[in-house]
Structures are given as structure tokens and as C-alpha cells.
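Fold and geometry: a report
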There are 2 protein chains.
Amino acid sequence: MTLPSTFDKGVLAALGALDASAIHHVFFVACGGSLSIMHPAKFLLDQHAAIASDVYNAAEFVARAPKLLGPGSLVILCSMTGTTKETTAAAEFARSKGATTIGLTVEPGSPLANACDHVVGFEAPYTTGVPIDAVNSNYSRIYQLVMGVVALTGGENLTEPLIESLAALQAAIDKAQLVFAPLFDDYAPRFAKENVVYTVASGASYGAAYSFSICVLMEMQWINSQAIHANEFFHGPFEVLDKDRAFILMKGCDSTRALEDRADTFLHRFGSAQKILVLDAEKLDLDGIYPQFRGNVVPLIFFDTLWRFAYKIAELRKHEMLEARRYMKKISY
Amino acid sequence: MTLPSTFDKGVLAALGALDASAIHHVFFVACGGSLSIMHPAKFLLDQHAAIASDVYNAAEFVARAPKLLGPGSLVILCSMTGTTKETTAAAEFARSKGATTIGLTVEPGSPLANACDHVVGFEAPYTTGVPIDAVNSNYSRIYQLVMGVVALTGGENLTEPLIESLAALQAAIDKAQLVFAPLFDDYAPRFAKENVVYTVASGASYGAAYSFSICVLMEMQWINSQAIHANEFFHGPFEVLDKDRAFILMKGCDSTRALEDRADTFLHRFGSAQKILVLDAEKLDLDGIYPQFRGNVVPLIFFDTLWRFAYKIAELRKHEMLEARRYMKKISY
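This report concerns the structure included in the present document. Not measured: the values here are computed from a predicted model.

Turning to the sheet that holds strand 3 (residues 73–78) of chain B, a few remarks are in order. Residues and elements named next belong to chain B. Strand order in this open sheet of 5 strands is 2-1-3-4-5, and the pairing throughout is parallel. The sheet is open, and its two borders are formed by strand 2 (52–57) and strand 5 (118–121), each paired with just one other strand. Looking at each pair of strands side by side, their axes are set apart by 20° on average, direction ignored. Sheet strands in contact with helix 1 (residues 9–16) are strand 4 (100–105) and strand 5, and its direction is about 160° off that of strand 5.

In C-alpha cells:
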């Protein structure tokens, strides 16, 4: 079994060193925005392999100390800067239990990188302001890891269609920016005035909804929020819906789309279309992306385009996106 | 290996029929409030057994169709009335894949009960208005299932101390009502005026925070909310904190307490003590509950006592707790 030479070199090195037959469990561990990519990674693994996995906040992971953690565990961690203390501690904890650790970070000399058995680099546009190609993003790299593990543990080898799909992703994002731009122009003035904005999604898209909710709306814009699972919506949260309430709904194209569709119908039945921003995968040109991976990469398209929406809102609120923090990295805590 | 005769008869029957050596994975599946008890159940399993498990919303579970689901899976489902369509569909789906299904419900003749291999009954006070003993609650029954599975699969047999602890739980709840009553009297007038109230917890308590957020605050009181994980709080959500923002923090006594403690310190440093309601396990009399299970049962004490707080808020808002719904069970959707 060989992996495509077009795979990231860090991914190839980490997977090359892996004794795949010994891996019985995967732990996806991180905090905040980096944790958000672990949800779609688990979704991809659930779809393709009979390998059990967990997604844990890094501090929860260490304090919980799952009895299952041991030499048969692969622990995949992520921190953009590699300086997230809880994530580094989680890597050290996992290694002390005999697990194999792979750390994703943009900083190869960072504490997280030093704490892991293997390091996979990635690029992030919002740290440097320099546009990147999505094939070099954290999503792309973790998907390569997951489908590599699938192939190495006896599952179907879909690594070639995956890497070809990831290579086509940036073009799809660029086209999506044009598709969603009029929608963002229309909705931004109304959403900029909101005190509460919910996000709704399911399946592969839930992580993107979570990240937009906690890292963009709450952290960067101090707007109250929750990422509501599209079906959980019907078991409590939907009672807050009225004509004034603002929602961002992600309608992806994975196997859970029907859940998001049902939420869409309900939102438009009892809410106001002017306050319900729907990002629909059916509006996207996904040329070059294999059908079997479209549902998996669409959340990254949604999230990437939503940054433009966030910047529009920030401008209207006169609330800086990246500088306006009260606490994060401004004080010690 | 025999289980205590004091275990619930439904639990004993379900576990007695189980080929425990064939079970490799546990899926905890439900919706909304019933899903909230699956989080502490997984926490308990993670602590005591090297058995992998997942917690899924029922519709997500079916649409995702994890490749791991099969004859080696035990699927534990819950719906109070047994009429939750998504949960019944999940039971049918799991059985079609060869999994063993156990359904928890108060209604033995319900669709969920009919769809499962085994049925475990429980009692719920808020359907009938008649007080119950917590040993008959859904929490108690699912904990008996989990620790039974642990014992039957070669883990330590802690079923006796568990059932003795559960038998002592109602007395602890009754005493907790008295401990928290002055706190609720103090905080209710302020919280009744809030448009947004967050809950914060980790570990075994996260499910109770989730349930109070989506089923009580959002569903019953139309108050905006999110159950924030106590460590995720520091990775985005904390930026919404100011002197006016209302939080309910659960400080349990499981292995994640340090995470909740850290959130407590931060909340009081930058928020207003008048707007931060802290339920602290250290204030409780947990007599008769074994130390090793205190962290696991405390969330039920928190949740049960918080109902009183919710009723106080409802009265002040002149917003009925159980009747005031716009959508749930009032219209078809």
C-alpha cells in the first residue's frame, strides 16, 4: 500500500512511521478553533473505517484520562501557533500512556511540535494575512491523515481521489466567494445590529458552525451565540425562534443534509427570511472535487467564505476582527 | 459474575441477555434532554472500561451511519415518552445492522420500546408531577447499565457501591434543595430579566449544563443560551463576558473540577458576582454516596435543584414552564 507522493510530506512521514496494525483507537484533541476541525475529521473516519474515535477538548482529555488511552491509541492534536498549553499537555499525557502522537501546527519549533512524536505543518491565512491554498490548510492535512489511516488499516484506499479533491478546493472557494458575496452584502447590515446570532449545521459541517460561533461571533465580535446541531434544534432550541431572531444555516451535501433541510424549512416557516442566512452547497461549483468528498470539503468553503461576512459585520459594528479582544492574549489567565 | 439483586429488573434482564464478550463498542443515542444523560454515561464508561463509545443525536447517528456499527455494537437509546421518532428510527436502524439495542423509556408500550431488543423503564417527575426517588431516574438506570457492562466485560465490579450510592441519592438531592434555596431566591430576580444566560461545566456535569441550556432556558423560557464547556470557555466564548453577562457555573467533584475552578476564577475576575450563579459540589452533603461515584451523581443533584430555580424564574417572568411552547408538540413539523 503506497500513499500518493502528492500527499503532504509531514503527513507521509507521520503515516510512514505508523504501525497501523497496532492502532485501535483515534483521539482527536485540541481546543477552540482547532477543536472545530476535529469534528469533520471524525465524521470522515466514521464514514470510512471501523475504527473507534473520540473528539475531546485537550484539558477535558487529560482530566478525564480515558481508560482506553494506551499503546493502541493514535492521538492527533492541533494548535495553530503550537503554544496552546492544554494541547501540549495533552500530547505529553498521551505519550506518557504509550500512545502515538501527531501534532498539527504552523510552527515546527513550537511546544506542541516538540511534545509530539510526529509533526504535520499547515498554513493559516489569518495569522499572516497572506492568502494560502486550501490544500495546505489544517482541514486538508487532517483529512490526508484520516484517509491515510483508513487505507493503512485495511479500508478502501481513497487517498488519490482525496488529494485530487483537496487540490481543487481553493478554486472552489474562490468561486464560492463570488456566489455568496451578494448574500453577504444583503445580510451584513442586519446581522451587524444583532445581539444574538445562532449557527445551525450537522454532519461534516458542525465543526465549521461551532468555530464560527465561538471564535468569530463570540470571540471577535462579542455577539452571543451557540452552534446548534440541526436536529437538536427541534428538541428545545427552536423555541427561541421568532421573526426577529438571526440564524446562519449551513446546508452541506453530506449524508446529513436532510437534517439541515428540515431545519431550513422550519426556520423559514416561523422566522424571517431577512434574518436567516443560508449557505447552500447546491449553489457551489465543486468542479474537480470527487462526489464522495464534496460533503467533507464544503464546510471549509462555508467557513472560508464566512470570514468575508464576518469582516463586513465588523466594519459595520466598528469592532476590529483581530485586535478587539478583552482577554485573549491580552492578559494572563 | 453476578449483578446486585437491588439493580433495576429491566437492567438485570437486559444485561443478563447480553453476550458481553461480543460487545466492542457502545453507542449512546437520543435527542435533546435524553441526549444530555448520554454525556455523563460516556464519562462513566470512559473512566472505568477500555471500551470505545460514541454519543450521537439520533438523526445524526442514522444519517452518519458509522461504519463501526454492527453485531459488535451495543446501542443504548433513551426517550422519556418513547415517542421520539428519530430515536425509534435509530433503534430500528441499529437492529438492521445487527447491533444489540436497549431502550430507556417511561412507557413500556411505546414505539421506542417496541423497536428495541430490551427495554429499561424509568420514572420522570416532570411528566406526572409526582415526586420520584432518584434511584428510579434515567440517570440511575443508565449508570446501572454502564457499570454492569464494565463488570461483565472484565472491568472492576463496582455495581454494589454504585447501587448503594444511587439509593442514597434522593436524600442528597432533598438536602441540596435546602442548601441552594437561598442562592436561588437571591439570583432569580436578576436572572429573570436576562435575555442571555450561559451555562458552564465539564466532565460528568456537561450533560446537565446542556440540558438546562436547551430544554429549560431556551425551550421553556425562550432565553438565549449555550452550554459552554469549561475549558472551551477560554478559547473564544469568554470574550462575551462583562459585568452584565449572566452565567450558571456547575462545579462538580469529578476529575475535571480544576477546569470548572479555573472558569470560576475568571468569571469572578471580570464578571459580576451578582450575575454568576455557582453550584458547588463542595457545599453538598453526599452522605451515603461512595466517593468514587460522587462526581458522577452530582450533575443529577445540580439539575434537579436547578428546576426549582427555573420555576422561580418562570414565575417572575410570568412565563409558564411546561405550557409555554410555541412549537413543541403544538404543531406538526
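In many analyses, interface size is given as the accessible surface area lost on bringing the parts together. Between chain A and chain B, the residue contacts involve 71 residues of the former and 71 residues of the latter. With both chains or domains summed, chain A and chain B bury close to 5,700 Å², and 52% of this area falls on carbon and sulfur atoms. Taken together, the connections running from chain A to chain B amount to 8 salt bridges. For B:Asp46, the salt bridge is made with A:Arg64, and the minimal N-O distance between the two is 2.8 Å. Joining chain A to chain B, the criterion identifies 50 residue pairs in polar contact (both at pLDDT 80 or more).

What follows covers the environment of A:Thr153. Residue and element names in this part refer to chain A. Inspection of the secondary structure assignment puts Thr 153 in the loop between helix 8 (138–152) and helix 9 (159–167). Given a relative accessible area of 32%, Thr 153 falls into the partly exposed group. For the pair Thr 153 and Glu 260, spaced 107 residues apart in sequence, the C-alpha to C-alpha distance is 32 Å. With near-sequence residues (within four places) excluded, Thr 153 lies in contact with Ala 20 and Ile 51. A polar side-chain atom of Thr 153 sits 2.7 Å from the main-chain carbonyl oxygen of Val 149.

Before going further, it helps to spend a moment on the relation of the copies chain A and chain B. Superposing chain A onto chain B takes a rotation of 180° plus a shift of 0.0 Å along the axis, which leaves an RMSD of 0.0 Å. This pairing of chains is accounted for by a two-fold axis. For chain A, the smallest separation between a C-alpha atom and the rotation axis is recorded for A:Gln226, amounting to 2.6 Å. When the interface residues of chain A are mapped onto chain B, 100% of them again lie at the interface, so the same face is used by both copies.

Residue and element names in this part refer to chain A. An ideal rise of 1.5 Å per residue puts 33 Å on 23 residues; helix 10 (residues 169–191) reaches only 28 Å between its terminal C-alpha atoms. Of all the bends in helix 10, the greatest reaches close to 40° and is centred on Phe 180; the proline Pro 182 follows between one and four positions later. Among the residues of helix 10, those classed as buried are Leu 169, Gln 170, Ala 172, Ile 173, Ala 176, Gln 177, Phe 180, Phe 184, Tyr 187, Ala 188, Arg 190 and Phe 191. Of the surrounding elements, those touching the buried residues of helix 10 are helix 9, strand 6 (197–201), strand 8 (246–251), strand 9 (276–280) and helix 13 (291–317).

Calculation rules
- Numbers given to residues run from 1 along each chain, matching the order in which its sequence is written.
- For naming, the first written chain is A and the first written ligand is 1, with later ones following in the order written.
- Reporting of local features is limited, given that this is a predicted model, to residues whose pLDDT is at least 70; pairs of side-chain atoms are given and counted only at 80 or more, and all residues count toward the totals for whole chains, interfaces and linings.
- Values reported for side chains reflect all heavy atoms of the structure, with hydrogen atoms and water molecules removed beforehand.
- Two strands are said to pair when DSSP picks up at least two bridges between them.
- Runs of E in the DSSP output that reach at least two residues are strands. Runs of H or I that reach at least four are helices, and both are numbered from the N terminus.
- Axis definition: a line fitted to C-alpha atoms, over the contacting stretch in the case of helices. Angles run 0 to 180 degrees between N-to-C directions.
- The contact criterion used throughout is that any non-hydrogen atoms of two residues lie within 4.5 Å.
- As used here, buried area is the combined drop in accessible area, with a 1.4 Å probe, of two parts when they are placed together.
- By definition here, a salt bridge exists when the distance from a side-chain nitrogen of Lys or Arg to a carboxyl oxygen of Asp or Glu is within 4 Å.
- Any pair of N or O atoms that falls within 3.5 Å is considered a polar contact. Within protein, one atom must be able to donate a hydrogen and the other to accept it, and sequence-neighbouring residues count only if both atoms are side-chain atoms.
- Using a 1.4 Å probe on the protein chains alone, a residue whose accessible area is under 20% of its type maximum counts as buried, one over 50% counts as exposed, and one in between counts as partly exposed.
- Our superposition of the copies is a least-squares fit, built on the C-alpha atoms of residues whose pLDDT is at least 70 in both.
- The span you would expect from a helix comes to 1.5 Å times its residue count less one.
- To get the bend at a residue, fit one axis to the 7 residues ending there and another to the 7 starting there, then take the angle between the axes.

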